[in-house]
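Architecture at a glance
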Amino acid sequence: MRWHCFLAHIKAGFIQSDESNNDSFTNGELCLTVNGDNYYFDVAIKNIHRKESLEPLLGDSAFNTLLICNRLTPYLIEICTKNGLNFIDTAGNVRIDNNGLHLWIEPQKGKTQKALVNEAKSNKLGEGSAKLLFALLSQPDILNCSYREMAEYANISLGMVSKGLGIFESESLVSLGKNRRILDAARMLAIWVEAYRLSIRPKLSGIRLEYKDDWQNLTLEEGDCWGGEVAAEILTHYLQPQDFQLFTRLPLQKNWRN
């Protein structure tokens, strides 16, 4: 695939690579022509939602590598800048430093805030659709079950199954043709993370207790699951959890002290 764009004195041409491998910057080659001078970049096209998504790229970044991605948060932009990672995101943020070519572009603040508000509204799923999304992620085979079976599995109404699947199909997340299938599990997971924060987590009941011992010394019962900072530490081995979040069906008082 090849595309070109023109912006004032800057001309860009991109050629997508036909190769598929696990290297960081192999999705294609970008040529920027600025005032007649050409600057070439090896490109990585990624969805970046947290620091851990950036870390595999940082070790391979160089003046002639470029990340093209979704909108980056100010925190992730700071990480890219400190590590010399060139990037262009979908919100219009650009940071490029390549042998004399220095580009730093930030969208106008008002337009950016309006875009973020619209994005947040479009990305927010209701509680029922979020539950259905989680059900499909945890058990993809239920997509080929009846709507009634999906409703029972996700613990939602029958009408919500039809509504939720319609949303997912319109977003190209699933195909509801003769052979139903999931089209973009990675994007579904990213949407679920946001849907959980906005639609599910605020409605969960809980109590706050004090536990002064090391969290690793707490004995979990079958079905108990860590969340929050402890879950992040288990996955990344990067944090020192201060606030503990535990999902359980049993009384917490048996192990925790008020």
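Everything here concerns the structure above.
Structure report, in brief. Keep in mind it's a predicted model, so treat the numbers as computed, not measured. Every chain begins its residue count from 1, and numbering advances along the sequence as written. Restriction of local features to residues with pLDDT of at least 70 applies here, the model being predicted, together with a cutoff of 80 or more for giving and counting side-chain atom pairs; totals for whole chains, interfaces and linings are based on all residues. Based on all heavy atoms of the structure, the side-chain values leave hydrogens and waters out of the count.

1. Notes on the nonpolar core
With 22 residues, the main nonpolar core has Leu-133, Leu-136, Leu-165 and Phe-168 as its most contacted residues. Going through the elements one at a time, helix 4 (127-138), helix 5 (147-154), helix 6 (158-170) and helix 7 (185-200) are the ones with two or more residues in this core. Each residue touching Leu-133, except ones within four places of it in the same chain, is listed here: Leu-125, Phe-168, Met-188, Ile-191 and Trp-192. Take the buried residues of types Ala, Val, Leu, Ile, Met, Phe, Trp, Tyr and Cys, join any two whose side-chain atoms come within 4.5 Å, and each joined set is a nonpolar core. Working definition: with a 1.4 Å probe on protein chains only, accessible area under 20% of the residue-type maximum means buried, over 50% means exposed, and in between means partly exposed. Strands are runs of DSSP state E lasting at least 2 residues, helices are runs of H or I lasting at least 4, and numbering of each runs from the N terminus. The contact definition used throughout considers only heavy atoms, calling two residues in contact when any of these lie within 4.5 Å.

2. Some words on the side chain of Asn-98
Here Asn-98 lies in strand 7 (residues 94-98). By the criterion applied in these results, polar contacts are pairs of N or O atoms within 3.5 Å in which, for protein atoms, one can donate a hydrogen and the other can accept it, and in which residues neighboring in sequence qualify only through two side-chain atoms. A polar atom in the side chain of Asn-98 sits 3.2 Å from the backbone oxygen of Phe-63. In contact with Asn-98, other than residues within four places in its own chain, are Tyr-39, Tyr-40, Phe-41, Phe-63 and Asn-64.

3. With respect to the packing of aromatic side chains
Only centres within 6.5 Å qualify two rings of Phe, Tyr or Trp (six-membered ring in Trp) as a pair; their planes then separate them into stacked at under 30 degrees, edge-to-face at over 60, and tilted for everything else. The full count for this structure, using the stated rule, is 4 aromatic pairs. What links up through ring pairs into an aromatic cluster is the set Phe-134, Trp-192 and Tyr-196.

4. Concerning the environment of Gly-92
Checked against the element boundaries, Gly-92 lands in the loop between strand 6 (87-89) and strand 7. Exposure remark for Gly-92: the relative accessible area of 29% places this residue in the partly exposed category. In the structure, Gly-92 is positioned 22 residues away from Asn-70 in sequence and 9.7 Å away in space, judged by C-alpha atoms. Dropping the residues within four chain positions of it, Gly-92 is found in contact with Ile-105 and Pro-107.

5. Considering unusual backbone geometry
Despite not being glycine, Asn-155 has its phi angle at roughly 60 degrees, a positive value. Tracing the chain through its elements places Asn-155 in the loop between helix 5 and helix 6. For Ser-172, which is not glycine, the phi dihedral falls at a positive 60 degrees. For Ser-172, the location among the structural elements is in the loop between helix 6 and strand 9 (174-175).

6. Here's the deal with the pattern of salt bridges
For this document, the term salt bridge refers to a Lys or Arg side-chain nitrogen within 4 Å of an Asp or Glu carboxyl oxygen. Applying the stated criterion across every chain yields a total of 4 salt bridges. In this structure, Glu-194 and Arg-197 form a salt bridge, with 2.5 Å as the shortest nitrogen-oxygen distance. Separated by 3 residues within a single helix, Glu-194 and Arg-197 lie in helix 7, roughly one turn from each other. The exposure class assigned to Arg-197 is partly exposed, which follows from its relative accessible area of 49%.

7. Description of helix 2 (residues 74-82)
Of the residues making up helix 2, those classed as buried are Leu-76, Ile-77, Ile-79 and Cys-80. Axial view of helix 2: buried residues confined to an arc of 160 degrees, hence all on one face. Those residues of helix 2 that are exposed and angled more than 90 degrees off the buried face are Pro-74 and Lys-82. Against the buried residues of helix 2 lie helix 1 (51-58), strand 6 and strand 8 (101-105). Once helix 2 ends, the next one or two residues include Gly-84, with phi positive near 65 degrees. Throughout, the arc means that of the directions going from the helix axis to the C-beta atoms.

8. As for the packing of helix 1 against helix 2
Each pair of packed helices can be described by the angle between their axes along with the distance between the axes. Where helix 1 meets helix 2, the closest approach of the two axes is 11 Å, and the angle between their N-to-C directions is 15 degrees. On the basis of the axis angle, helix 1 is roughly parallel to helix 2. When the axes of helix 1 and helix 2 are compared, the crossing they make is right-handed. Two secondary-structure elements touch here, helix 1 through Lys-51, Leu-54 and Leu-58 and helix 2 through Tyr-75, Leu-76, Ile-79 and Cys-80. When residue character is reported, Ala, Val, Leu, Ile, Met, Phe, Trp, Tyr, Cys and Pro are called nonpolar, Asp, Glu, Lys and Arg charged, and the others, Gly included, polar. Broken down by class, the residue content of the contact of helix 1 with helix 2 amounts to 6 nonpolar, no polar and 1 charged. Every angle, taken between N-to-C directions, lies between 0 and 180 degrees, and every axis is a line fitted to C-alpha atoms, over only the stretch in contact when it is a helix. Small angles under 35 degrees read as roughly parallel and large ones over 145 as roughly antiparallel, with 65 to 115 read as roughly perpendicular and the rest as oblique. By convention, the crossing between two helices is left-handed when the near helix turns anticlockwise from the far helix through less than a right angle, and right-handed when the turn is clockwise.

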